[in-house]
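Each chain, letter by letter, is given below.
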Amino acid sequence: MRIISTKNYNEASARAADLIAAQILVKPDSVLGLATGSTPIGTYKELVKKYNNSELSFSEVSTINLDEYVGLGHDDEQSYYHFMMENLHNKTDIDKNNVYLPNGLAENIDDECIRYEELAEDLGIDIQLLGIGLNGHVGFNEPSDFIENYTYKVELTQSTIEANKRFFKKAEDVPKEAITMGIGTIMRAKKLVLLITGENKAEILDQALFGPITPQVPASLIRMHPDLTVIADNPALKLVSKII
Ligand code: PGA
């Protein structure tokens, strides 16, 4: 695990975008594993800036996202599909046929999970961007007694529903289920980049990076990945005196 510490959110976003841009420059047809949430928005802004400055082209890139809410379609403003289009894909030259997210409206969600897992395997993720939830989730892998190896349907915890209700009109509107890549799916990506910013993430950062490796803190599991880069800003690193 490498830890890159930055002064603040903007610097963390710029560093994450640099890593993704470097990946695309080295391999123009890279497969990017992407994430949603408030954390990666700055990274996507930086990538769009690089595209606008002609430093980067997404024309051969494919992207596959970690997760999607069950029950929300592409047109729903709260869907992760919509989020990705608004924050990144509508602003670059990516071929939209190469943009993949789980289908939250699939008739049979279990079949959709199998299809998505096979897709992730066929594409082969070169670099996976990750955020972390306040309860340590990555993707929608919530604290659990088990480590899920493949894409699956998950019941969201109350903590996640609480954390995500800020994006919805009311808490009751937050879907109760999602399709998410399993920890195993994430671990099969060639490189992982975990982005952690803000003082409210200080405690979970400490647990995830320095506490026991346990599915009760799903982000701790990815420390076992051979190529993990953590980008964290100083507010998130507040409790860490150890190695930085
Ligand atoms: P956030 O969400 O970036 O909005 O804090 C992260 C996550 O839930 O994975």
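Residues numbered from 1 in each chain as written. Predicted model: local features only at pLDDT ≥ 70, side-chain atom pairs only at ≥ 80, totals over all residues. Heavy atoms only, no water.

Tallying secondary structure elements over the protein gives 8 helices and 10 strands in all. The C-alpha atoms of the protein give 17 Å as radius of gyration, which agrees with the globular expectation for 244 residues (18 Å, within 12%). The buried share among the 244 residues of the protein stands at 53%. Split by element, the accessible area of the protein, about 11000 Å² in all, is 49% carbon and sulfur. For the protein, the centre of its 23 positive side-chain charges and the centre of its 36 negative side-chain charges are spaced 7 Å apart. (Helix = DSSP H or I, 4+ residues; strand = E, 2+ residues; numbered from the N terminus. Rg over C-alpha atoms; globule rule 2.2 N^0.38 Å. Buried < 20%, exposed > 50% of the residue type's maximum accessible area, 1.4 Å probe, protein only. Areas by Shrake-Rupley, 256 points an atom, 1.4 Å probe, with all protein chains shown as cover. Lys, Arg positive; Asp, Glu negative; His and termini not counted. Charge placed at Lys NZ, Arg CZ, Asp CG, Glu CD.)

What follows concerns the site of the ligand. Around the ligand, the neighbouring residues are Gly37, Ser38, Thr39, Gly131, Ile132, Gly133, His137, Arg166 and Lys201. Contacts to the ligand include His137, whose side-chain N or O atom sits 2.7 Å from an oxygen atom. Here Arg166 contributes a side-chain N or O atom positioned 2.8 Å from an oxygen atom of the ligand. Taken by itself the ligand offers 280 Å² of open surface, and the protein chains cover 84% of this. (Near = heavy atom within 4 Å. Polar contact = N/O pair within 3.5 Å; in protein donor to acceptor, adjacent residues only side chain to side chain.)

This part is about the pattern of salt bridges. Under the criterion given, the structure shown has 12 salt bridges. Note that Lys165 and Glu162 form a salt bridge whose closest N and O atoms lie 2.9 Å from each other. On the basis of relative accessible area, Lys165 is assigned to the partly exposed category, the value being 32%. We note a salt bridge from Glu199 to Lys238, for which the minimum N-O separation is 2.7 Å. Of the two residues, Glu199 is situated in the loop between β9 (191-196) and α7 (202-210) and Lys238 in the segment after β10 (228-233); the sequence distance between them amounts to 39 residues. One continuous salt-bridge network, built from bridges that share partners, spans Lys27, Asp126 and Lys190. (Salt bridge = Lys/Arg side-chain N within 4 Å of Asp/Glu carboxyl O.)

Counted by the stated rule, this structure contains 4 aromatic pairs. For the pair Tyr69 and Tyr80, a centre-to-centre distance of 4.8 Å together with 40 degrees between the ring planes defines the contact as tilted. Placement of Tyr69 in strand β4 (residues 67-69) and of Tyr80 in helix α3 (residues 80-87) is noted, with a sequence separation of 11 residues between them. In this structure, Tyr69 and Tyr80 share a single accessibility class: buried. Each ring, one from Tyr69 and one from Phe168, has its centre 5.7 Å from the other, and the planes form 80 degrees; the classification is edge-to-face. In this pair, Tyr69 is assigned in strand β4 and Phe168 in the loop between α5 (158-164) and β8 (177-180), connecting sequence segments 99 residues apart. Phe168 matches Tyr69 in its accessibility class, with the two residues each being buried. In textbook terms, an aromatic cluster arises when at least three aromatic residues are bridged by ring pairs, as seen for Tyr69, Tyr80, Phe140 and Phe168. (Phe/Tyr/Trp six-rings, centres within 6.5 Å; stacked < 30°, edge-to-face > 60°.)

Moving on, we get to α3. Taken together, the buried positions of α3 are occupied by Tyr80, Phe83, Met84, Met85 and Asn87. Buried-residue contacts for α3 involve β2 (31-34), α2 (41-52), β3 (62-65), β4, β5 (99-100) and α5. (Contact = heavy atoms within 4.5 Å.)

Leave glycine aside and you will find that most residues have negative phi; peptide bonds, for their part, are mostly trans. Here the phi dihedral of Ser54 falls at roughly 60 degrees; this positive angle occurs in a residue that is not glycine. Inspection of the secondary structure puts Ser54 in the loop between α2 and β3.

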